[in-house]
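# A structural walkthrough
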Amino acid sequence: MPTRQMTAPAGFAPLAVCRREQGESPFTERQLKALESVMHIRRYETGAYLFWEGDPAEAVYYIRKGHVKLRRTTDDGRDLLLSILKPGDFLVDFDAWDPNHRNSGQAMDDVEAGIIPLPELELLLGKDGDLAFRFAMWMSMMRRRSESKLCDLIMLGKPGALASTLIRLTNSFGVAQPDGILIRLKLTNTELAELVGTTRESINRMLNTLKNEGVIDMAPGGKLRVLQLARLKQMAGCPECPACPKEICSI
């Protein structure tokens with residue numbers, strides 16, 4: 001496990017990520033301002049940990065700047081990359097059975113996070129029934145997203161899981177270009193392997209196959225660009241599945 005850096009004493013974890021871009025947030029501007037009013041700001045350098053797996057989960061994180069990856073280490077030492085947060089995302093864990101973080105949160109670049117202590121959040125939710133309802137609906141959506149990703153990883157095989165991951169990356173970080181969709185977040189092949197749940201060597205082979213088939217290419221700066229989104233959807237079984245919103249089909 002890497003050396004700890006700038007570990008935040010406050011924490012709260014895992015798979016709840018609220019998308020604020022393009023009107024996707026379930027929270028109103030008034031509610032977001034109320035949440036922001038009780039935040040204190042903390043900054044993390046690239047590679048620093050906001051919290052570690054096993055740390056007490058005592059706060060909610062709001063990502064104001066930068067990107068954060070949520071990672072879990074298995075018993076045999078393998079790392080699984082569960083999600084990537086971007087500006088406008090909330091990171092929350094409400095688990096009455098385990099008061100500690102189940103994952104580690106690491107800054108992928110310089111990060112600025114607003115931290116809401118859990119008692120402050122409980123006061124807000126107790127005073128505002130609509131905010132509490134929206135939190136419940138939002139966390140239900142996060143559960144659906146986690147189930148969707150897990151289903152793809154288990155049922156599609158490694159090429160299908162990679163295709164699903166690339167589709168989710170275009171929904172979360174994609175920029176439309178004349179010749180395709182640029183994934184503006186640069187990921188290493190190791191990070192892609194951790195997202196898909198396979199080895200870096202397997203990812204290298206599958207990416208090379210997709211490049212040779214003209215499905216993807218490498219843009220300047222080492223970022224991936226999807227050239228044939230329809231082909232990825234075919235590999236991931238999207239034509240046979242009910243249409244799902246980008247809030248669900250997301251990293």
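Definitions and cut-offs
Residues numbered from 1 in each chain as written. Predicted model: local features only at pLDDT ≥ 70, side-chain atom pairs only at ≥ 80, totals over all residues. Heavy atoms only, no water. Helix = DSSP H or I, 4+ residues; strand = E, 2+ residues; numbered from the N terminus. Buried < 20%, exposed > 50% of the residue type's maximum accessible area, 1.4 Å probe, protein only. Contact = heavy atoms within 4.5 Å. Areas by Shrake-Rupley, 256 points an atom, 1.4 Å probe, with all protein chains shown as cover. Pairing = 2+ DSSP bridges. Axes fitted to C-alpha atoms, helices over the stretch in contact; angles between N-to-C directions.

With that out of the way, let us pick up the overall build of the chain. On a plain count of helices and strands, the chain comes out with seven helices and 12 strands. Across the 251 residues that make up the chain, the buried fraction comes to 46%. The long-range share in the chain, meaning contacts at least 24 apart out of those at least 6 apart in sequence, stands at 74%. Total accessible area on the chain is roughly 12100 Å²; 54% of this is exposed by carbon and sulfur atoms.

With that settled, consider the pairing of strand 5 (residues 79–85). Two elements, strand 4 (residues 68–73) and strand 5, share six bridges in a ladder whose sense is antiparallel. Bridge pairing in strand 5 places Val68 opposite Leu85. Following strand 4, the chain reverses through five residues before pairing antiparallel with strand 5; Gly77 in that reversal takes a positive phi of roughly 90 degrees.

Of all seven residues making up strand 3 (residues 59–65), five are buried, and the element is well covered by its neighbours. As defined by bridge partners, strand 3 adjoins strand 8 (residues 111–117) across six bridges and the pair is classed as antiparallel. Residue pairing across strands places Ile63 opposite Ala113, the latter belonging to strand 8. As paired strands, strand 3 and strand 6 (residues 90–91) are joined by two bridges and run antiparallel to one another. By the bridge assignment, Tyr61 is partnered in strand 6 with Leu91.

Quick look at the sheet that holds strand 2 (residues 49–51) now. What links the strands of a sheet is backbone hydrogen bonding, and the strands pair in either a parallel or an antiparallel sense. A sheet is described by the order of its strands in space; here four strands give the open sequence 2-7-4-5, paired in antiparallel fashion. Each having just a single partner strand, strand 2 and strand 5 make up the two edges of the open sheet. Taking the axes of each pair of neighbouring strands and ignoring which way they run, one obtains an average angle of 30 degrees across the sheet.

Any functional reading would require information beyond the geometric quantities listed.
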